[in-house]
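What the coordinates show
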Amino acid sequence: MIIGSNLLFFENLPSTNIQTSDILRKNNLQEGTIIYTNYQSAGKGYSGNSWESEKDKNLLISIVLFPSFMKPEDQFYISMTISLGICDFLLRFIPGCSIKWPNDIYVNNDKIAGILIENSVSGNKIDFTIAGIGLNINQEKFLSNAPNPVSLCLLSGISYDLPACMNKLVTDLDKRYKQLITGNSSEIKKEYISKLYRLNEWSKFKDIRGNFTGRILTVGDYGRIKIEKQNREINEYSFKEIEFIH
Ligand code: BTN
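First things first, this report covers the structure right here in the doc. (Residues numbered from 1 in each chain as written. Predicted model: local features only at pLDDT ≥ 70, side-chain atom pairs only at ≥ 80, totals over all residues. Heavy atoms only, no water.)

Another point: the packing of helix α2 (residues 76-91) against helix α4 (residues 162-181). At a minimum axis distance of 8 Å, the contact between α2 and α4 shows a crossing angle of 140 degrees. As far as their axial angle goes, α4 and α2 are oblique. Handedness of the α2/α4 crossing: right-handed. Facing Tyr77, Thr81, Ile82, Leu84, Gly85, Ile86, Asp88 and Phe89 of α2, the residues of α4 in contact are Cys165, Lys168, Leu169, Asp172, Leu173, Arg176, Tyr177 and Leu180. A per-class count over the contact of α2 with α4 returns 10 nonpolar, two polar and four charged. (Axes fitted to C-alpha atoms, helices over the stretch in contact; angles between N-to-C directions. Helix = DSSP H or I, 4+ residues; strand = E, 2+ residues; numbered from the N terminus. Parallel < 35°, antiparallel > 145°, perpendicular 65-115°, else oblique. Left-handed = near helix turned anticlockwise from the far one by under 90°. Contact = heavy atoms within 4.5 Å. Nonpolar A, V, L, I, M, F, W, Y, C, P; charged D, E, K, R; others polar.)

Now for unusual backbone geometry. Trans peptide bonds make up the majority, and among non-glycine residues the majority have a negative phi. That bond from tryptophan 101 to proline 102 is cis: its omega, 5 degrees, falls within 30 degrees of zero. Take proline 102: it is sitting in the loop between β4 (98-100) and β5 (104-107). Even without being glycine, lysine 240 reaches a positive phi, approximately 80 degrees. Mapping lysine 240 onto the fold places it in the loop between β11 (234-237) and β12 (243-244).

Right, let's get into the pattern of salt bridges. Throughout the structure, instances matching the rule amount to 18 salt bridges. With a shortest N-O distance of 2.9 Å, arginine 209 and glutamate 233 are connected by a salt bridge. Taken together, the residues arginine 209 in the loop between β8 (203-207) and β9 (210-219) and glutamate 233 in the loop between β10 (225-229) and β11 connect sequence positions 24 residues apart. Given the relative accessible area of 60%, arginine 209 is considered exposed. Arginine 224 is paired through a salt bridge with glutamate 236; the nearest N and O atoms lie 3.0 Å apart. Here arginine 224 is found in the loop between β9 and β10, whereas its partner glutamate 236 is found in strand β11, with 12 residues between them in sequence. (Salt bridge = Lys/Arg side-chain N within 4 Å of Asp/Glu carboxyl O. Buried < 20%, exposed > 50% of the residue type's maximum accessible area, 1.4 Å probe, protein only.)

Written as structure tokens, this is what we have:
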């Protein structure tokens, strides 16, 4: 076991990602160490957003990885790997889920999990990766203005045992990370693409030129999304260059 080989629990923290980087600054941690908590007072989302999670209701974890086998330009494979691990976990309980590019985990049109990957790159090496995951399990009411949160409990009406969920999630993430390490990255990319939210469906997007109808064709090198417009023009976008319109 790599992911989950060492578990460090804190009853509450500002943020598991911040705690992990603080620890890494002073100490060595073995690869696969998980730092987790029951409550974050300053949970971080991407783009400076915050991450809402009611105390004792959800999984809040950060994983330490040392993907030295990987070039920095391939770092999107980590995102894909973690996304698939979360999907594997969810599929134990519900019939389907999808990945809203780049790495929001969706059930139907609602977000059940968010991933915040922070890579430390020096030269042409990834020094370490902190993969933060917020996965909504038992929360029934969301108070922030996050547009469309959902939890496993809201979907099924069942309340789940958090430690048991944690074990299963760790197992599923570890399997996927081993798949990546053993060089099976093309399979990871293929599966990631097949699970993309709105893949091949004509729907509304917004880019720098305004709103348009388009369809996602694939995700290319470096994690850039390829979208076809109705006039057949195909563009590639990096994160923040394109918005999904609901
Ligand atoms: C997103 O905005 O979708 C990413 C959310 C990531 C939230 C998780 S919760 C555990 C870890 N610690 C943090 O502060 N953020 C990530």
